[in-house]
Amino acid sequence: MASSCTRKALCEYSNCLQRLPPSNIAMRRDVQEGQARCLSQLGRHKEALDIAERMRSGATNTDHLTTALNLQFAIYRDLENVERKIMCLQQLICLHPFNPWYWKSLAEAYTDLLQSLSPLCIPETNLNQSEEVSDGSFKMAAGGEINFQPHRSDCRREGPRSSPAAERKSESAATCSSSQAVTEMLCTSDNTGRKAEGKQAACESWEPGMAKDVGVKACASFVRARLLLQLTQLQQASFALENNIKCQKEIDDKVAQFGLNENSLLQVTKVMGADLTPEKLKEEFQGEVKCIGSSALSSLVTASASEFEIKWFDILRNDLCLLDRQFSSDMHIPPLAT
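A. Looking closely at the environment of Met272. Locating Met272 in the fold gives a position in helix α12 (residues 262-272). Taking the C-alpha atoms as reference, Met272 lies 8.0 Å from Leu316; in sequence the two are 44 residues apart. Once residues lying within four places of it in the same chain are set aside, the contact partners of Met272 are Trp103, Ala220, Arg224, Leu227, Trp312 and Phe313.

B. Here's a closer look at the packing of aromatic side chains. What the rule picks out here adds up to 6 aromatic pairs. Plain terms: the ring middles of Trp103 and Trp312 are 4.9 Å apart, the flat faces sit at 80 degrees to each other, and that makes the pair edge-to-face. One end of the pair, Trp103, is in helix α6 (residues 100-115); the other, Trp312, is in helix α15 (residues 308-319), and 209 residues separate them in sequence. When its relative accessible area of 0% is taken as the criterion, Trp103 is described as buried. Given a relative accessible area of 9%, Trp312 falls into the buried group. Of the aromatic side chains, those joined through ring pairs into one cluster are Trp103, Tyr110, Phe308, Trp312 and Phe313.

C. Up close: the confidence of the model for the protein. Chain-level statistics for the protein give a pLDDT mean of 74 and a share of 58% at 70 or above. Long-range and interchain partners of residues 120-158, a stretch whose pLDDT sits below 50, account for 86 contacts in this model, where long-range means more than four residues apart. Contacts from residues 162-190, a stretch scored under 50 in pLDDT, to residues over four places away or in other chains number 66 contacts.

D. Quick look at the nonpolar core. The biggest cluster of nonpolar side chains holds 63 residues, and the ones touching the most others in it are Trp103, Leu106, Tyr110, Met272 and Phe308. With 13 residues, the single largest contributor to this core is helix α10 (residues 210-232). Not counting the four nearest positions on each side in its chain, Leu106 is found in contact with Ile86, Leu89, Gln90, Ile93, Ser221 and Phe308.

E. Up close: the pattern of salt bridges. According to the stated counting rule, one finds 11 salt bridges in the structure shown. The partner of Glu108 in a salt bridge is Lys254, with the nearest N and O atoms 3.0 Å apart. With Glu108 in helix α6 and Lys254 in helix α11 (residues 238-257), this pair connects stretches of sequence that are 146 residues apart. Exposure remark for Glu108: the relative accessible area of 4% places this residue in the buried category.

F. Molecular detail of the environment of Leu276. Note that Leu276 resides in the loop between α12 and α13 (278-286). Distance in space between the C-alpha atoms of Leu276 and Leu231 is 8.5 Å, their sequence separation being 45 residues. Among residues more than four places away in sequence, those in contact with Leu276 are Phe98, Arg224, Leu227, Leu228 and Leu231.

G. Main features of unusual backbone geometry. One non-glycine residue, Glu80, adopts positive backbone phi at about 60 degrees. On the secondary structure map, Glu80 appears in the loop between α4 (62-79) and α5 (82-95). Unusually for a residue other than glycine, Ser238 sits at a positive phi of about 60 degrees. As for its placement among the helices and strands, Ser238 is situated in helix α11.

H. Here's a closer look at the environment of Ile51. Note on placement: Ile51 falls in helix α3 (residues 45-57). Not counting chain neighbours up to four residues away, the residues in contact with Ile51 comprise Gln32, Gln35, Ala36 and Leu39.

Parameters and conventions
- Residues numbered from 1 in each chain as written.
- Predicted model: local features only at pLDDT ≥ 70, side-chain atom pairs only at ≥ 80, totals over all residues.
- Heavy atoms only, no water.
- Helix = DSSP H or I, 4+ residues; strand = E, 2+ residues; numbered from the N terminus.
- Contact = heavy atoms within 4.5 Å.
- Phe/Tyr/Trp six-rings, centres within 6.5 Å; stacked < 30°, edge-to-face > 60°.
- Buried < 20%, exposed > 50% of the residue type's maximum accessible area, 1.4 Å probe, protein only.
- pLDDT = per-residue confidence, 0-100.
- Core = buried A, V, L, I, M, F, W, Y, C linked by side-chain atoms within 4.5 Å.
- Salt bridge = Lys/Arg side-chain N within 4 Å of Asp/Glu carboxyl O.

This is the structure:
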């Protein structure tokens, strides 16, 4: 029934697009986004990604690009491609560094990266050194190095919340060069094959010691999201405030599951909140939409994303060096959500 409704919606979007004049760029972008989401739900991910790439290449302001990145994130979420989800979220955070929902989604994606890999992806020596505890988490290995044994997770994460939409003003039929890489990655027509390929790519990039590094990123991203929610709640009321407090409680529980000692957690909080002031948050939510050329806008996000982890996590790694022994011995992967 659901797929029948989705096919009907896709047909309606397609008919609507044919009737829209080329000059009505804003409406055409809205309709194309609807087409892409329907295609993704129907398992036609390559077609959905092609539309998302066209929307991205035609973006001339930050709101256009935010919409395109959110769309790409939704498609990669359907594909269960964790690494591409992380890439989209990093680029969204480059545009909106004070958005708590993007940071929360990024933390969940990093956790998925740990949990979605098969134990076969981890070197046998590390598996032999790790010790499982009853709640499904892993603690300090005998060799002095933390080892997380990821679990498979079928849990679907809630997507990031979009920033307030501005009127869309441009469209381009050109497709970004990255579309070719995406096409190669999703070369099979079978939907299950595409998902397996995304997980296999994650397995191939797995290296010894990566688990601890990803765990640090996940915990730090949760802490950043919590700090942002705490600051924004001062300006909220009613259901918005209730949702904020509820999310803070969820993050508190997830951070606690990492098992950090007090000194390590304080250091993470200090580093991830170093740039946070009420004035900066006010500028973020009241700032004007930045309008620049499509190529310049795309290059800006790409360059920023390539430096993302250096900017946000390298300082944290350095600061934790003095606490490394305690940090490593206390931290473990949170159990799967039920």
